[in-house]
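Coordinate analysis (summary)
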Amino acid sequence: MTSMSRARVARRIAAGAAYGGGGIGLAGAAVVGVLLAEVQLAKRAVGNGTPHPPSADGLYGNGFTVTGEPPLRLLMLGDSTAAGQGVRRAGQTPGALLASGLAAVAERPVRLRNVAVPGATSDDLDRQVSLALADSDRVPDICVIMIGANDVTHRMPPTRSVRCLSTAVRRLRTAGAEVVVGTCPDLGTIEPVQQPLRWLARRTSRQLAAAQTIGVVEQGGRTVSLGDLLGPEFAANPRELFGPDSYHPSAEGYATAAMAVLPTVCAALVLWPAEEERPDVSRREGFLPVARAAAEAASEAGTEVTAAVPTGPRGPWALLKRRRRRRVREAEPSQASPSEAPSTP
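Basis of the calculations
Residues numbered from 1 in each chain as written. Predicted model: local features only at pLDDT ≥ 70, side-chain atom pairs only at ≥ 80, totals over all residues. Heavy atoms only, no water. Helix = DSSP H or I, 4+ residues; strand = E, 2+ residues; numbered from the N terminus. Buried < 20%, exposed > 50% of the residue type's maximum accessible area, 1.4 Å probe, protein only. Areas by Shrake-Rupley, 256 points an atom, 1.4 Å probe, with all protein chains shown as cover. Axes fitted to C-alpha atoms, helices over the stretch in contact; angles between N-to-C directions. Parallel < 35°, antiparallel > 145°, perpendicular 65-115°, else oblique. Contact = heavy atoms within 4.5 Å. Nonpolar A, V, L, I, M, F, W, Y, C, P; charged D, E, K, R; others polar. Salt bridge = Lys/Arg side-chain N within 4 Å of Asp/Glu carboxyl O. Left-handed = near helix turned anticlockwise from the far one by under 90°. pLDDT = per-residue confidence, 0-100.

Quick look at the overall build of the protein
When its secondary structure is counted, the protein shows twelve helices and nine strands. Within the protein, buried positions represent 57% of all 345 residues. Only carbon and sulfur atoms are counted for the fraction: they give 53% of the accessible area of the protein, which is about 14,000 Å².

Right, dumping it as structure tokens:
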């Protein structure tokens, strides 16, 4: 599917989400039913991995002290990807990796809280956001949402999926938090899924990722394509980048995802150098209609989309950035002290 075709589909889904439609499907129900069965077979081995993700909540960057500056608050929301299912150590989870990386860039401690739930679909975000905003004095500075894979495998209508995500972003932004969304990963590389269902899984997940981008950007959030999470790098190195269950990422896989998301988290908090915020033509960055930017981002992992010009000849515009990745090391025990942190960060 071309980026222009994907842009048209994404616009239809996003419009349906905004105006209450729910009947736009990404593929025929019978075909998606077969896809669901295949993916469920792929997920059956999950029990061979870590059944529950390790808790990484706590304070990171203890060595950084800024007089009068409280720790930055980082909140993780979403599904098993955000929770870090598939690894055994807290420091290997994406939340811990992002917290330690953010602390190093900001030179300021970061308090991490993770409310993500393995198996969650986008309609669980309402509950997760309510948990996050329960204490108005502890609103997160930055929220990272990773969601979408279960929406595909559970056959949630894409308009409903995007509507739930958009509502969550709007609530968080209204409360004063910055929001970065890792969009639906490429499901076409789950090893047990064979052709032609592999192609359908890739097409379906990329269409949802593009539609998610439109919804998020319209609510003032930023998105990062997570195609690499289950995409080309995973296809090339499945033994290295998938975990023991062949479904969730390994520690190296989560590090790859964290590298893709960290620059956008820093940019959202105005921690990135000003020159990095200008579009680089040599990296094919620039301003595009939001639907086209969303479609291009869905095709290339690690690509950021954020709101730009409020409106243009063809509707809202966005800035497409292909930020340089920076290596994120596993958070060392000395960097995080969950046992010393309050029970409610």
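Observations concerning the packing of helix H5 (residues 125-132) against helix H7 (residues 158-175)
Relative placement of two packed helices is described by the angle separating their axes and the distance separating the axes. Between H5 and H7, the shortest axis-to-axis distance is 9 Å and the interhelical angle comes to 10°. When the axis of H5 is compared with that of H7, the two are roughly parallel. Facing Leu125, Asp126, Val129 and Ser130 of H5, the residues of H7 in contact are Cys164, Leu165, Ala168, Arg171 and Leu172. Looking at the contact of H5 with H7 residue by residue, the class counts come to six nonpolar, one polar and two charged.

Focus: the pattern of salt bridges
Counted under the stated rule, the structure contains 14 salt bridges. The partner of Arg108 in a salt bridge is Glu69, and the shortest N-O contact between them spans 3.3 Å. Taken as a pair, Arg108 in the loop between helix H4 (94-106) and strand E3 (110-114) and Glu69 in the loop between strand E1 (58-60) and strand E2 (72-78) lie far apart in primary sequence, 39 residues in all. Where Arg284 meets Glu300, a salt bridge forms, and the shortest distance between an N and an O atom there is 3.3 Å. In this pair, Arg284 sits in the loop between helix H11 (251-268) and strand E7 (286-289) while Glu300 sits in the loop between helix H12 (290-299) and strand E8 (304-307), placing the two residues 16 residues apart along the sequence. Because the salt bridges share partners, they merge into one network encompassing Arg284, Arg292, Glu296, Glu300 and Arg322.

Topic: the packing of H4 against H11
Taken N-terminus to C-terminus, the directions of H4 and H11 make an angle of 40°; their axes are 9 Å apart at the nearest point. Comparing their axes, H11 and H4 come out oblique. Pair H4 / H11 crosses with right-handed handedness. Mapping the contact onto sequence places Pro94, Leu97, Leu98, Gly101, Leu102 and Val105 in H4 and Tyr254, Ala255, Ala258, Val261, Leu262, Val265 and Cys266 in H11.

Focus: the confidence of the model for the protein
With 66% of its residues at a pLDDT of 70 or more, the protein shows a mean pLDDT of 77. Low confidence marks residues 44-50, where pLDDT is under 50. Its contacts with residues over four positions away, or in another chain, come to eleven contacts. Note that residues 238-246 has pLDDT below 50 and, in this model, 31 contacts with residues that lie over four places away or in other chains.

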